[in-house]
Amino acid sequence: MTQVTKEQFGTIPQKGSVEKFILKSDDVVVEIISLGCIITALKTKDKRGQFDDIVLGFDNLEGYCFGNSRYFGAVVGRVANRIAKGKFSVDGKEYQLGINNGPNALHGGLEGFDKAIWTSQALPNGVSFSLTSPDGDQGYPGELRAQVTYELAGEVLTVQFTAEASRTTPINLTNHSYFNLAGHAAPDIYDHEVSIPAEAYLPVDDTMIPTGEVRPVQGSPFDLRIPVLIGQRLKDVPGPGFDHNFCVSSPGEPLAERPCARVYHPGSGRGLAVSTTMPGMQFYTANFLDGSVKGKAGVAYPKHGAFCLETQNWPNAVNQVSCRSPGMARITFEDLAALDDEQLDDDDVAQNNPEPMAEEEQERLFAHWQAVASTHQVSLPQEMSGPIQQMTRQNQAQEQEQVPYVPVSRHEKLEEVQYEERVYPAGKWACITKGEDMYEQSISMGFMKLMRYICKENSAGRYLGMTIPVMNEIQMLQDGKGFMKDILTAYYLPAEFQDDPPVPTDSEIAIVQRESIRVLSRVFYGTTTEETISRQISLLWELLGSTDDFHRDVYMVAVYQNPGVPCRRNEIWFIRRDP
């Protein structure tokens, strides 16, 4: 059980009042203020049962307003870490941010999210903060609505970041707490043990910008896969200490929570374990503290007096295409429409590169766009929001317009819809055939080219995931369980494009007129694998009271994945060969 209390922390002239929330369980006490969503205190027991505050910070609001140049405990953004020279380009336009860290922009700029008063709302086990950053704030494009939620359950503090933008914009939020597990007043962290299960890290140049190399940790001082004493390892690290991104995952990997660090202090018995859905984590050993900052109870905070574990997207990702990640932001449809910029088609590769794209590079980019397609973090450009809202209202008023098919019958068992028979009328489909395995259809070249056609060339992208089913036809093999690899990925065009569909500029996309298609549809949830598909086939045959042999001759099998629905809602379709 977590107790949540609120009190006033002070007032900032011309900005407003700052609130403090106290989250208390039997094991942990966390204090958070609405200025910058700052964690001002984190108190936990040592092995003798004594509480101590293990984060650096200040006793009063004045310290956070005028002395927090090191971002103690704050949420930083729009973009945590550094952007090289404070410049980036989006949709062909270059943006210049304020420079506040050598030649670079750091942690959102001169007046980042750490200096804003957020709107707060108490939750049963925590607190939620929200902030609207206007278009042009600190030089970033688009209005951004951000939310940060802290929830405490026993010894576990969960921090969740969400953001939605009116335009394509970089976004990379993190919490910048400084920890010393011996207590915030302890002089250093040399007696702490750290382990980071990362296989690679990002080397940096002399301005702390990643060089672009992803370097294996094997055989280097950055190999922290086995616990080591921080003090001992700092002797081997070039420069003042650790201030590097460790690669928790590759940017193209599916969004998933992974353990990223563990720190243990033998003297107090305290340990800190961190996991994240982000692809990177900045391990920082407070190299730029120098004792000049006086914190809680007047304690001077020295170099290496704390450590930070900043979960994040890879630094400077906005300027390194290969490092962009759906985990860093809500992806907009403009990302899908800009596939040319990512050089995903063979034609683009041929024009811009003297050698064809290596197979490994293709796989990496395909994996990146799989994450774009499969993450549930999709936000709409402002110009598309209106049409979607209008269409939604129309659909609510006229339910039959929500789907392009006609339901024929629903077959139920134990009051649960098991499968549905439906007919898609004769009409035009945009389709492309690619030789990809059926379980990779969301990352196939064909899928991405159709994304571009739907979203970019005919402005029908506002229907994406709403009225256009994707159909991947896979011939069943003779054993009834395996599948062929030739996939026809197709979209049933919306009514407004049935009479006069735009001509695709991509020669591989065909507009095909088909007769009506009769489908048996079964809904299921989870990841599509050969095992789960075969199981669904067997279940449907069982419900129909027929055998595999009979239906293999009558039906083709298709999988329709809807990544925009939580828990990965899927439909398996059985398409009659003789509609």
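Residues numbered from 1 in each chain as written. Predicted model: local features only at pLDDT ≥ 70, side-chain atom pairs only at ≥ 80, totals over all residues. Heavy atoms only, no water.

**Looking at the overall build of the protein**
This is how the line gets drawn: Per the convention used, a helix needs a DSSP run of H or I reaching at least four residues, while a strand needs a run of E reaching at least two, with both numbered from the N terminus. Note that accessible areas follow from Shrake-Rupley with a 1.4 Å probe, and for residues the cover is restricted to the protein chains shown.
Looking only at helices and strands, one finds 10 helices and 35 strands in the protein. Of the roughly 26000 Å² of accessible surface on the protein, a fraction of 49% belongs to carbon and sulfur atoms.

**Overview of the packing of aromatic side chains**
Quick note on the threshold: Each pair of aromatic rings taken from Phe, Tyr and Trp, with Trp reduced to its six-membered ring, is defined by centres within 6.5 Å and is described as stacked if the planes are under 30 degrees apart, edge-to-face if over 60, and tilted in the remaining cases. Buried means the residue's accessible area, taken with a 1.4 Å probe over protein chains only, is under 20% of the maximum for its type, while exposed means over 50%, and partly exposed covers the values in between.
Counting across every chain of the model gives 19 aromatic pairs. Aromatic pair Phe113 and Trp118: ring centres 5.8 Å apart, planes at 85 degrees, arrangement edge-to-face. Given the relative accessible area of 3%, Phe113 is considered buried. Among the residues examined, Trp118 registers a relative accessible area of 2% and is labelled buried.

**Description of the pairing of strand β22 (residues 270-276)**
The side chains of a regular strand alternate, residue by residue, between the two faces of the sheet. Note the following rule: By the convention used here, strands pair only if DSSP detects at least 2 bridges between them.
Judged by which residues are buried, β22 turns out to be one-sided: Arg270, Leu272, Val274 and Thr276 face inward and are buried, whereas Gly271, Ala273 and Ser275, on the alternate face, are not. In terms of strand pairing, strand β21 (residues 258-265) meets β22 through 7 bridges, oriented antiparallel. Residue pairing for β22: Tyr264 is matched across the bridge by Gly271. A loop of 4 residues connects β21 with β22, the two strands running antiparallel in sequence, and Gly269 in this loop sits at a positive phi of about 80 degrees.

**Quick look at unusual backbone geometry**
Of the consecutive residues Gly77 and Arg78, the connecting peptide bond is found in the cis state with omega at 15 degrees. With respect to the helices and strands, the residue Arg78 is situated in the loop between β6 (74-76) and β7 (82-83). Not every positive phi belongs to a glycine, and Met208 is a case in point at roughly 70 degrees. Within the secondary structure layout, Met208 lies in the loop between β17 (200-201) and β18 (215-216).

**A word on the sheet that holds strand β4 (residues 39-45)**
Our working definition: In this analysis, axes come from line fits to C-alpha atoms, helices being fitted only over the stretch in contact, and the angle between any two N-to-C directions falls in the range 0 to 180 degrees.
Reading across the sheet, the 5 strands line up as β1-β2-β3-β4-β5 and stay open at both edges, with antiparallel pairing between neighbours. Each having just a single partner strand, β1 (3-12) and β5 (51-53) make up the two edges of the open sheet. The mean inter-strand angle of the sheet, taken between neighbouring strand axes irrespective of direction, is 15 degrees. The sheet contact formed by strand β2 (residues 16-24) and strand β3 (residues 28-33) spans 5 bridges and is antiparallel.

**Overview of the sheet that holds strand β19 (residues 228-229)**
Strand order in the open sheet made by the 4 strands is β19-β16-β21-β22, with antiparallel pairing throughout. Looking at the sheet topology across the chains shown, the edges are occupied by β19 and β22.

**Some remarks on the pattern of salt bridges**
Quick note on the threshold: Basic side-chain nitrogens of Lys or Arg form a salt bridge, by our definition, when they fall within 4 Å of a carboxyl oxygen of Asp or Glu.
In the structure shown here, the tally under the stated rule is 14 salt bridges. Put simply, Asp135 and Arg167 hold a salt bridge, and the shortest N to O gap is 3.7 Å. One end of the pair, Asp135, is in the loop between β12 (126-133) and β13 (144-153); the other, Arg167, is in the loop between β14 (156-165) and β15 (174-176), with 32 residues separating them in the sequence. A relative accessible area of 32% places Arg167 in the partly exposed class. Put simply, Glu7, Lys20, Glu31 and Lys43 are held in one network by salt bridges that share partners.

**Focus on the nonpolar core**
In globular proteins that are soluble, nonpolar side chains generally tend to be buried together. Our working rule: We call a set of buried Ala, Val, Leu, Ile, Met, Phe, Trp, Tyr and Cys residues a nonpolar core when their side-chain atoms join them within 4.5 Å. Two residues form a contact once any of their heavy atoms are found within 4.5 Å.
Judged by nonpolar contacts, the single largest core of 52 residues is most densely connected at Trp118, Tyr150, Ile196, Phe246, Phe283, Phe307 and Leu309. Of the residues forming this core, the biggest block, 5 residues, is contributed by β13. Those residues in contact with Trp118, other than ones at most four positions away along the chain, are Ser34, Gly36, Cys37, Val75, Phe113, Phe129, Ser130, Leu131, Ala146, Gln147 and Val148. In terms of nonpolar packing, the next biggest core, distinct from the first, is built from 21 residues, Ile33, Leu56, Phe58 and Tyr178 among them.

**Digging into the confidence of the model for the protein**
Under the convention used in this document: One number per residue, pLDDT, summarises how confident the predictor is, and it ranges from 0 to 100.
Per-residue confidence for the protein averages 75 on the pLDDT scale, and 62% of its residues sit at or above 70. When mean pLDDT is compared element by element in the protein, β3 scores highest at 98, while strand β25 (residues 331-332) scores lowest at 31. Below a pLDDT of 50 lies the segment residues 562-567, which in the model reaches 14 contacts outside its immediate sequence neighbourhood of four places, other chains included.

**Here's the deal with the side chain of His304**
Condition: We define a polar contact as two N or O atoms separated by no more than 3.5 Å, with the added condition that, inside protein, one atom must be a possible hydrogen donor and the other a possible acceptor, whereas residues neighbouring each other in sequence contribute only through side-chain atom pairs.
On the secondary structure map, His304 appears in the loop between β23 (280-284) and β24 (308-312). With a relative accessible area of 7%, His304 lands in the buried category. Reaching out from His304, the side chain makes a polar contact with the backbone oxygen of Pro240 at a distance of 2.9 Å. Excluding residues that lie within four positions of it along the chain, His304 makes contacts with Pro187, Asp188, Ile189, Tyr190, Leu234, Pro240, Gly241, Thr285, Ala286 and Asn287.

**Quick notes on the side chain of Thr311**
By the secondary structure assignment, Thr311 is in strand β24. The exposure class of Thr311 is buried, given its relative accessible area of 14%. Apart from residues no more than four positions distant in its own chain, Thr311 is found in contact with Leu173, Thr174, Cys260, Val274, Thr276, Met278, Gly280 and Met281.

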